[in-house]
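Topology and contacts: notes
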Amino acid sequence: SFVPSPVVMTPTASTTLYHYGYRGELNLLSRYTLKAMMVAKRFKNFRRFVYDYETETFNGVNGATNNKSGPKVSCKVEVDVPQTCRFILRTTECSLSEIFDVDAEGSPVYRPAAQDKAFRDAMAKYPLKITVDGQTDVKLYPEDNEPVNILNVKRGIVSALMVPVMEEERNKEMVPTVHGVCSTDFTLNSREDIATDVTVTRDLSKCDWFIARRQDTSPLALISGMVRNYPLSKMISSTQTCNYRFDNQKKHMTSGTCTEKHLFLPLSHQNEYGISAMVKQTMTLRETAKINDRIFELLPMDVADEKCPMQNKDAVIATMQQLNTLSQTTKGEERASLFHKLVSELRGLEADVLGSAADEMMDMSSSLTWQALVQCGTPECTSAILKVLRTFDEAALEVDAAVSALGLLSNPSRLMVKDMLAMAQYKQSKPIMYALSNAVRKEGVTPEISAVSEYMASLLGADCAGDKDLTYLTLRVVGNMGDALEEADAAIKNTLLKCMRQPTTTLSVQLAAIQAFRRMSVTDEVFFLETNNLLVSQYPKGAVQKRLAAYLILMRKPKDSDIEMVKKIIKQEQNVQIKGFVTSHIYNIISSTDSETKKLGKKIMDALQDTDVVTHNEYTTKSRNYKLGVAYDSMQAAIQGNVVFDPSNQLPREALLEMTLEAFGYSMDMWEVGMEGKGFEPTIDALFGKNGFFPDTVSKALYWAEDKMPPKIKEVLAKWVVPLKSEGQKVYLIDLQSQESPEAMAYLRIMGAELGYIKGNELKSMADNLSIPAPQGTTKLLSIR
């Protein structure tokens, strides 16, 4: 049933044509322009139009069950027109029912909802004033105390009344709906002096100017708002078919029926069966009458600040005290309403007042304060959370966990970016730095983003010659928000160029500097400054990893000069690892069935002319690019991987696996996992070599297993293990300890956002923290190391 929304919101004049939701779930639209509505032709002034209105919603799973659920609303709708393009909407005799069964024919059976009477009274309590100015803007003027969910139902009624004008030729192109401005196909069924019977159809997934109004919700609701965000909204097929009939002489609408069908595509079959919802609206004219009322008064209303006009924390503190002492009384049933009141009051406070109130609340009850702040969801509440976290011990792991979770929110505010930056300046831990980057990458250029750019530049210095670990971390997070930082200050790219050729730093830092360009624009200014910048891909003495990293950056959007570079590598390159990777990568481009990739492949083939691009099959010794495509109905998944070997190592230095999903016209980077490492050969040899640390029976078992395997598998396995079984090698543990420690790093990206990375030396630290102490007086038998 329709119930009051817990969200505190004051409707204003700028709230226009909102879609309504069930159980108070709101899909709110901000103002948009209405093209050629010409409602004055349909609803002449000094008249009253009385309609019977009905809307039904059917939710179910087509093809699997006949069971349905959903509400049904019926109302008497009166539309008074005291002035031209000025309307007063009254809704009386309303009823609210819900589906409780399905009969033998599959038709729903209704019963009155529990809130039927309350709904009827709420719908009839306030009229709704509507204006259409200049035939372009529709504005609603609700009463201050109108419940949001009731107002949403009235918005649906207004939507049904906004019918197209067939006489306007331009109106056939774009028509306004509660879903935005939509392309519309018209079918004229009957015509007398005017079009009297018209059918219109719309593909709602292609509507423009749908901008949902942001609401304050709990940060715990991570999925909040995802339906309206790219690309999840494209996973729902939405169509609308409407039929209108008009009075030939007076031109007003005599009846109208609109049916919307929504289907969740990923779990659908034949675009018909699966999880679906159908919404049907019917408007039937009951009567018309003349009116003498010429008065249409309304106060001009601007966009109002939803914060309380009187900023006073006393009310919040009083509610907090009452809630905190409630457990000492017998009024436990008041807890929910008091907590809702506390959260509502917090949402009305500005940042400075709320921060002061949070300090006092923490002294009363830290647990209640955290619950209220987390449920609040306003930028000011998030700011208070981060402010409180900065008072914790710098080594506290819960600080990292909380800030990292906040960085995943889908709609960060400018205030949140500012507070995230303050948190990163307070503590440069990996989770906090990544949380800052994930917040920045979702915002446009603002003074807060510019401040973040300046801070990142200060950490990198002029040329990344500072602390290697902090520099590496900074470069990783710069790569995560590169487009935002580049827009704020393009000079960051010059710093990256200096970092990638810094001789006193590590190869990992140089690689991170190259990879930081992955979200930045590829310009001649950057790539052709010197041959040992990103054109290190052509620098014969450069490390394999650096050259291939630069090559992959260049090949995101290759220019003609880059294709000439590819031609040179394929024909003249002496490094087998570079040539092996590039030829396999180019081979996969040429062999791709993707339309955009095929264009690039043709361009490359034209440049190579008669040169054959032949890939290799040395999977265990040569660098290679892998690609696999899987298609299903309207979706196609591409799985791609890179394996990079170094001439001086028997094991890969890098391995990457990523999956891209192409669905409904959009390409999404679903996930990517990558690993880098070096120095593992001595460790593996010492442990598993024929004369290594483990008993000789291990090697014998390995020999025996090889003999039992199929020839093809045995051939591949032999290339991996033969170096570990060479005669005469005998490395013991004492010798192993003198070797350089192996290095390893793994990272994870989801939906294009890097969530973090972990290094091998950090695993030992984590294991030390998880060590299980032995009980007093016993021998410690188990320790995680």
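Our subject is the structure listed above.
Model, not experiment: these values are computed from the prediction.

Overall, the coordinates contain 26 salt bridges when judged by the stated rule. Note that glutamate 98 is salt-bridged to arginine 111, the shortest N-O span being 3.9 Å. In this pair, glutamate 98 sits in strand β3 (residues 86-102) while arginine 111 sits in strand β4 (residues 108-112), placing the two residues 13 residues apart along the sequence. For arginine 111, a relative accessible area of 43% puts it in the partly exposed group. Here glutamate 672 and arginine 749 are joined by a salt bridge, their closest N and O atoms 2.8 Å apart. Here the residue glutamate 672 occupies a position in strand β16 (residues 666-678), and arginine 749 occupies one in strand β17 (residues 743-750), the gap between them amounting to 77 residues. The exposure class of arginine 749 is buried, given its relative accessible area of 9%. Ionic contacts of the salt-bridge type, sharing partners, join the residues Arg476, Arg518, Glu672, Arg749 and Glu754 into one network.

Here the focus is helix α12 (residues 447-460). For α12, spanning 14 residues, the distance from its first C-alpha to its last is 20 Å, which sits close to the expected 20 Å at 1.5 Å a residue. Along α12, the residues classified as buried are Glu448, Ile449, Val452, Ser453, Tyr455, Met456, Leu459 and Leu460. Angular distribution of buried residues about the axis of α12 spans 165 degrees; they occupy a single face of the element. Of the exposed residues in α12, those oriented more than 90 degrees away from the buried face are Pro447, Glu454 and Ser458. Where α12 is buried, its residues meet α10 (414-426), α11 (430-440), α13 (468-480), α14 (482-488) and α15 (492-500). Just downstream of α12 lies glycine 461, where phi reads positive at about 75 degrees.

Taken together, Leu408, Leu657, Trp671, Val673, Leu748, Ile750, Met751 and Leu755 make up a surface patch of nonpolar side chains, about 620 Å² in accessible area. Elements with a minimum of two residues in the nonpolar patch: β16 and β17. Structurally, tryptophan 671 can be placed in strand β16.

Further remarks concern the state of the cysteines. Structurally, a disulfide amounts to a covalent bond that connects the sulfur atoms of two cysteines. A complete count under the given rule lists four disulfides for this structure. Each sulfur in the disulfide pair cysteine 242 and cysteine 258 lies 1.9 Å from the other. Judged by the sign of its S-S torsion, about 115 degrees, the cystine formed by cysteine 242 and cysteine 258 is right-handed. Here the residue cysteine 242 occupies a position in strand β10 (residues 236-246), and cysteine 258 occupies one in strand β11 (residues 253-264), the gap between them amounting to 16 residues. A sulfur-sulfur distance of 1.8 Å marks the disulfide that ties cysteine 464 to cysteine 499.

All right, on to unusual backbone geometry then. For lysine 251, which is not glycine, the phi torsion reads 70 degrees and is therefore positive. Inspection of the secondary structure puts lysine 251 in the loop between β10 and β11. In this structure, methionine 751 is a non-glycine residue whose phi angle is positive, near 55 degrees. Mapped onto the fold, methionine 751 is located in the loop between β17 and β18 (753-759).

This part covers the environment of tyrosine 472. By the element assignment, tyrosine 472 lies in helix α13. Sequence separation between tyrosine 472 and alanine 513 is 41 residues, and the spatial gap between their C-alpha atoms is 8.3 Å. Apart from residues no more than four positions distant in its own chain, tyrosine 472 is found in contact with Ser508, Val509, Ala512, Met745, Tyr757 and Lys759.

Procedures and definitions
- Residues numbered from 1 in each chain as written.
- Predicted model: local features only at pLDDT ≥ 70, side-chain atom pairs only at ≥ 80, totals over all residues.
- Heavy atoms only, no water.
- Salt bridge = Lys/Arg side-chain N within 4 Å of Asp/Glu carboxyl O.
- Helix = DSSP H or I, 4+ residues; strand = E, 2+ residues; numbered from the N terminus.
- Buried < 20%, exposed > 50% of the residue type's maximum accessible area, 1.4 Å probe, protein only.
- Expected span 1.5 Å × (residues − 1).
- Arc of directions from axis to C-beta.
- Contact = heavy atoms within 4.5 Å.
- Patch = residues over 30% accessible without salt bridge, like charges linked within 9 Å, V, L, I, M, F, W, Y side chains within 5 Å.
- Areas by Shrake-Rupley, 256 points an atom, 1.4 Å probe, with all protein chains shown as cover.
- Disulfide = S-S within 2.5 Å.

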